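# Summary of the model geometry
Now for the letters of each chain:
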Amino acid sequence: MSKAQPGMSMERADIAFEVNGAAVSVCVPPVRRLSSVLRDELRLTGTKIGCDAGDCGACTVLVDGEPVCACLMSVASAAGTVVTTVEGLANGRLSALQASFLDHGAAQCGICTPGLLIAATALLDREPNPSETEVQDALGGVLCRCTGYRKIVAAVMDAGRFASELSTDGIAPHPPAGTFSPYSDGEKDEAPALASPSPRLSRGEGKGEGQHQLQRLDLDLDRRMPISGHAVGSSPIRLDGLPKVTGGEKFGGDSFPADALAVLVVRSPHHHARFAFGDLDAWVKTRPGIVGVFTAADIPGKNSFGVIAPFADQPALAEGFSRFRGEAVALVAGEREAILDLDLSDFPVRWTELPYLLQPCEAQAGGAQLIHENRPANLLTTGFVERGDPEAALSGAAFVVSGAIDTSYVEHAYIEPEAGHAYMDGGTLVVVACTQAPYMDRDDVAKVLGLAADKVRIVPTATGGGFGSKLDVSLQPLIGLVAMKTGRPAALAYTRNESMISTTKRHPAEMKATIGADADGRVTGMVFAGDFNTGAYASWGPTVANRVPVHASGPYATPNYRAEGRAIHTNGPISGAFRGFGVPQATIMQETLYDELSEKLGLDRLDFRLKNCLRNGSETVTGQRLEAGVGIAECLEALRPHWTRALADAEKFNSANDSRKRGVGVASCWYGCGNTSLPNPSTIRVGISATGDVVLHQGAVDIGQGSNTVIAQICADALGLPLEKFRLKSADTAITPDAGKTSASRQTFVTGKAAEKAGGALREIMLRFANVSEKAAIALDGTSLVIREGEATRHIDLSTLKADADGFVFRAEESYDPPTLPLDAKGQGKPYAVYGYGAQIAELEVDLKLGTVKLIKITAAHDVGKAINPLLAEGQIEGGIAQGIGMALMEEYIPGRTENLHDYLIPTIGDVPPIETILIEVLDPEGPFGAKGLGEHVLIPTAPAILNAIRHATGVLVTKIPATPSRIRAAIRDKEAGR
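Heads up: these notes are all about the structure in this document.

Reading the values: rules and limits
- Residues numbered from 1 in each chain as written.
- Predicted model: local features only at pLDDT ≥ 70, side-chain atom pairs only at ≥ 80, totals over all residues.
- Heavy atoms only, no water.
- Helix = DSSP H or I, 4+ residues; strand = E, 2+ residues; numbered from the N terminus.
- Rg over C-alpha atoms; globule rule 2.2 N^0.38 Å.
- Buried < 20%, exposed > 50% of the residue type's maximum accessible area, 1.4 Å probe, protein only.
- Contact = heavy atoms within 4.5 Å.
- Areas by Shrake-Rupley, 256 points an atom, 1.4 Å probe, with all protein chains shown as cover.
- Lys, Arg positive; Asp, Glu negative; His and termini not counted.
- Charge placed at Lys NZ, Arg CZ, Asp CG, Glu CD.
- Pairing = 2+ DSSP bridges.
- Axes fitted to C-alpha atoms, helices over the stretch in contact; angles between N-to-C directions.
- Expected span 1.5 Å × (residues − 1).
- Phe/Tyr/Trp six-rings, centres within 6.5 Å; stacked < 30°, edge-to-face > 60°.
- Lys NZ or Arg CZ within 6 Å of the ring centre and 35° of its normal.
- Parallel < 35°, antiparallel > 145°, perpendicular 65-115°, else oblique.
- Left-handed = near helix turned anticlockwise from the far one by under 90°.
- Salt bridge = Lys/Arg side-chain N within 4 Å of Asp/Glu carboxyl O.

Helices and strands together make up the secondary structure of the chain, namely 23 helices and 35 strands. In terms of C-alpha radius of gyration, the chain reaches 28 Å, essentially the compact-globule figure of 30 Å for 979 residues. With the C-alpha coordinates of the chain rotated into their principal frame, the extents come out at 85 × 75 × 60 Å. A burial count over the chain gives 64% of its 979 residues as buried. Within the chain, contacts between residues separated by at least 24 positions form 78% of all contacts whose residues are at least 6 apart in sequence. Here the chain displays about 32500 Å² of accessible surface, and carbon together with sulfur accounts for 50% of that area. Of note, the chain has its 92 positive side-chain charges centred 2 Å away from the centre of its 115 negative side-chain charges.

Below, the structure written as structure tokens:
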């Protein structure tokens, strides 16, 4: 149950202090958080709220030059001080640190960026040239979930160079008149003009961290500078980068209307309970400022939603009983000040706790109570793939290994809790909120609230991380209901606690597998079985159950194979999508057994993988023939020199140390881009305006991965015009075509392909209009379209051409849906058109007495097909590795115990070692310019590589993940005792 901050209705006081060089005075309760005053009273929303507990550091500001968490400081304590927020760093120009962040790609989703910039500014003020250790110490209190921290460290250490450039060049940049922001305010049909990637920081062609050398620096933000050469393959500053470093980016909680009703959610404190309400009307009447209470009885449509329509089963507000801890049962709406002071401890609801099932084995036991009456044995669904005769292959194998591994719930832990507001625009409900899937949100909100789909408009804000969880609707139907019922705008920002208890997690898995090989080291057969705890409702459980059997073999030729994945209901948290849809769990099982099998064979672990990996012409476990674009061998070969060096380093270290041992592990991955054997279309619209702009309807939501930049780069090259000519109309169900959800590593591939087709189609239309061949070059000069072919040049005045309703004089709209085939009863077919591949090496040390792990280095080789934007690709790899580190070593969500960012541990800046990235480009004929997806692949090999490295160091495999020090030490004790 949500509870507001107490004591907020006490008398107000006038409190004066200085903010960003200006004197301010506010009249507020003295105990109000400084963070709330900055955001709500002064509208300085660059200061972000991630936890209100000092755990995430997103709200870090400078108070008299010292970094503090503004959420832990009362405004009374700030009286008479000088406060600096991220908005005050630029002072009419970008600071050297902000410019360095842009150059290094140190901001992805951007929600943590203000806190990091502030903390780093304090460091640089006292130490202009800090060491890496000093940077880690200074920024250790600010959490980032996207970047993996490595580019942040590099940006801070490199800021001195930018300061030197600024002082010698004497350039005084000014904020541009219009900057790109990946959200619309819900009132305008068009996002602001897309600024050129300013400040324009051109890079060299080197790859790997620290190898993008600055070639020129131009901080004149008023100029729109063309990008020389082709956009694809270059690393321009991300097009939405500027607002991320200035504090101008607007996330879900940053643009609430001043007259909006505030909403609180009443949630179940039990895993399973019956409930009944008392006199709600009487309760409302005795509380001034409270407008109403809304329950399931107020929902006008079908009170059931879900990302996969045939399995949709989750109510927006529970009816009569709750199935999991944190489930929403009622909404309280009121004026902002009344809600701030509201204590829900006496809310009229009576709970009767019921027996609950938290483990799949309990839910599957004979006589177990059904969580959903229409799902016998609490089985949601099963995925199945079978090829050849695995039993015969295993019985005839020269070497066989078997094992079992369990994984835990993993929390997404994005730094931005769910937030948004809703309002009525005539007869249309407008929902402005963070999301990964605006069209899916629209359809579910419309169904729940009994509206036609065209009477719901979803306007995505900037999204402060998602990783899969923000694919499911959360607060959208709740604020929509309040707005509909009251006629007033309604706003809601989840607390960290309610975000963690109510949203989806990575599926815990209980897995078993057996793998066999012949005497030559060729894998002959594999059997895999996995039970995945899907929690109280379906969410993405069917996707996990079906995707895992396709991928559980790893990127290896496995002629005889059977794999089954089962999604099982419990009263645990809802398990949904989380970067990999179950494949990271299955890969842990397969890759750890590969290490054991290679040991039995007496083969080098890397060589064993190379011997068995898929290649062009191979057939997968679903019988799909991979004709081209298979890059796993290239990834493994690229790791060979690093593998040889790392093993030698480990041997040398281990010979000189007894209590600490070094280990080296390797693991591979493959991942099908997009939906499994299902339609998966994206549509892109692009046009030329009469004013000479290229307007790109870019509906692929950018949650930090860079689709705003990458999709525009692809379209620019397909069209043949420079990137700075583009203006973006961002994701908004009223104005942009459906580019599909941001998930399954599909946007670069699927939406990118649609952008490539649309750009090419628009180019053809213009060339045909000018009656020239495809060899002609086109350019835009003001309102003039310039076409050159051979010695001839023609100028077409666009302002004289008739524009359509969208203001286009030329336009094209193209869709792309990957060619896949359904899977038959044995899972045979073509589930994906494109796969991505990768392999990673983990080097680490284990303290044998304490069980602690120190990561030394991770080397990652990933086949991206074509690196559309190498710097963004590196950022994705580093961020995915950081999440893989958390999954392997520390992250374990336990309902009722780890429901905040203090008790639930994610990697900090000191937990991520140096990462060496090797981008492999094995072009895929299906992808745009040969590109493949990347976002999910990069997390998959990390945990198994770490676990294999721990085994190499200690001789023991930890079979309950994460491999915490206590579990590592227990495994070592068991080994020593001969158990």
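Now that the structure has been shown, the text picks up again.
Spatial strand order, β25-β33-β34-β35: four strands in an open sheet with mixed pairing. For this open sheet the edge positions go to β25 (660-672) and β35 (915-920), each flanked by a neighbour on one side alone. Each adjacent strand pair in this sheet contributes to an overall mean axis angle of 15°, direction not counted. Note that strand β33 (residues 835-847) and strand β34 (residues 853-863) share ten bridges and pair antiparallel. Within the sheet, the bridge partner assigned to Glu845 lies in β34 and is Lys854. Together, β33, β34 and β35 form the strand contacts of helix α21 (residues 870-889), whose direction differs from that of β35 by roughly 125°.

Helix length check: helix α12 (residues 438-449) (twelve residues) gives 16 Å between terminal C-alpha atoms against 16 Å at 1.5 Å per residue, within 8%. For α12, the buried fraction is high: nine of the twelve residues fall into the buried class. Among the residues of α12, those classed as buried are Pro438, Tyr439, Asp441, Arg442, Asp444, Val445, Ala446, Val448 and Leu449. Looking at the buried residues of α12, the elements they touch are β18 (428-433), β19 (456-460) and α13 (476-486). Once α12 ends, the next one or two residues include Gly450, with phi positive near 70°.

Under the defined criterion, the tally for this structure stands at 13 aromatic pairs. Both rings, one in Phe275 and one in Phe277, keep their centres 5.5 Å apart while their planes meet at 65°; by these two values the pair is edge-to-face. Judged by relative accessible area, which is 8%, Phe275 ranks as buried. A residue is classified by how much of its surface remains accessible, and Phe277, at 25% relative accessible area, is partly exposed. Judged by centre distance (5.7 Å) and plane angle (70°), the rings of Phe749 and Tyr816 are edge-to-face. One end of the pair, Phe749, is in helix α20 (residues 747-770); the other, Tyr816, is in strand β32 (residues 808-816), and 67 residues separate them in sequence. A cation sits over an aromatic face here: Arg267 above Tyr494, 4.8 Å from the ring centre. Taking NZ or CZ as reference, Lys470 lies 4.2 Å from the ring centre of Tyr414, over its face.

So, on to unusual backbone geometry. Here Ile961 and Pro962 are connected by a cis peptide whose omega angle stands at 15°. Relative to the helices and strands, Pro962 resides in the loop between α22 (942-954) and α23 (965-976). For Ser677, which is not a glycine, the phi torsion comes out positive at approximately 55°. Inspection of the secondary structure puts Ser677 in the loop between β25 and β26 (682-689). The exposure class assigned to Ser677 is buried, which follows from its relative accessible area of 16%.

This brings us to the environment of Gly886. By the secondary structure assignment, Gly886 is in helix α21. For Gly886, a relative accessible area of 0% puts it in the buried group. Each C-alpha atom of the pair Gly886 and Pro962 lies 8.0 Å from the other, and the pair is 76 residues apart in sequence. Beyond its immediate chain neighbours, meaning those up to four positions away, Gly886 contacts Glu891 and Pro907.

All right, on to the packing of helix α4 (residues 113-126) against helix α5 (residues 132-139) then. One way to put it is that α4 packs onto α5 with a least axis distance of 9 Å and a crossing angle of 130°. When the axis of α4 is compared with that of α5, the two are oblique. As α4 packs across α5, the resulting crossing turns out to be right-handed. When α4 is examined against α5, the residues Leu116, Ala119, Ala120, Leu123 and Arg126 are found in contact with a partner set consisting of Glu134, Val135, Ala138 and Leu139.

On to the pattern of salt bridges. In this structure the tally under the stated criterion is 52 salt bridges. Each member of the salt-bridge network shares a partner with another, and the members are Arg12, Arg32, Asp40, Glu41, Arg336 and Glu337.

Taken in spatial order, the seven strands make up an open sheet running β10-β12-β8-β20-β17-β18-β19, and their pairing is mixed. In this open sheet, the two strands that pair with only one neighbour each are β10 (290-294) and β19. Strand-to-strand twist across the sheet, computed as the mean angle between neighbouring axes with direction ignored, equals 25°. Alignment of strand β8 (residues 261-267) against strand β20 (residues 490-493), held across two bridges, turns out to be parallel. Bridge assignment links Leu261 to a residue of β20, and that residue is Ala490. Packed onto the sheet, α13 meets β8, β10, β12 (328-334), β17 (419-425), β18 and β20 and runs at close to 35° relative to β17.

Interpretation in functional terms is not warranted from these geometric data alone.
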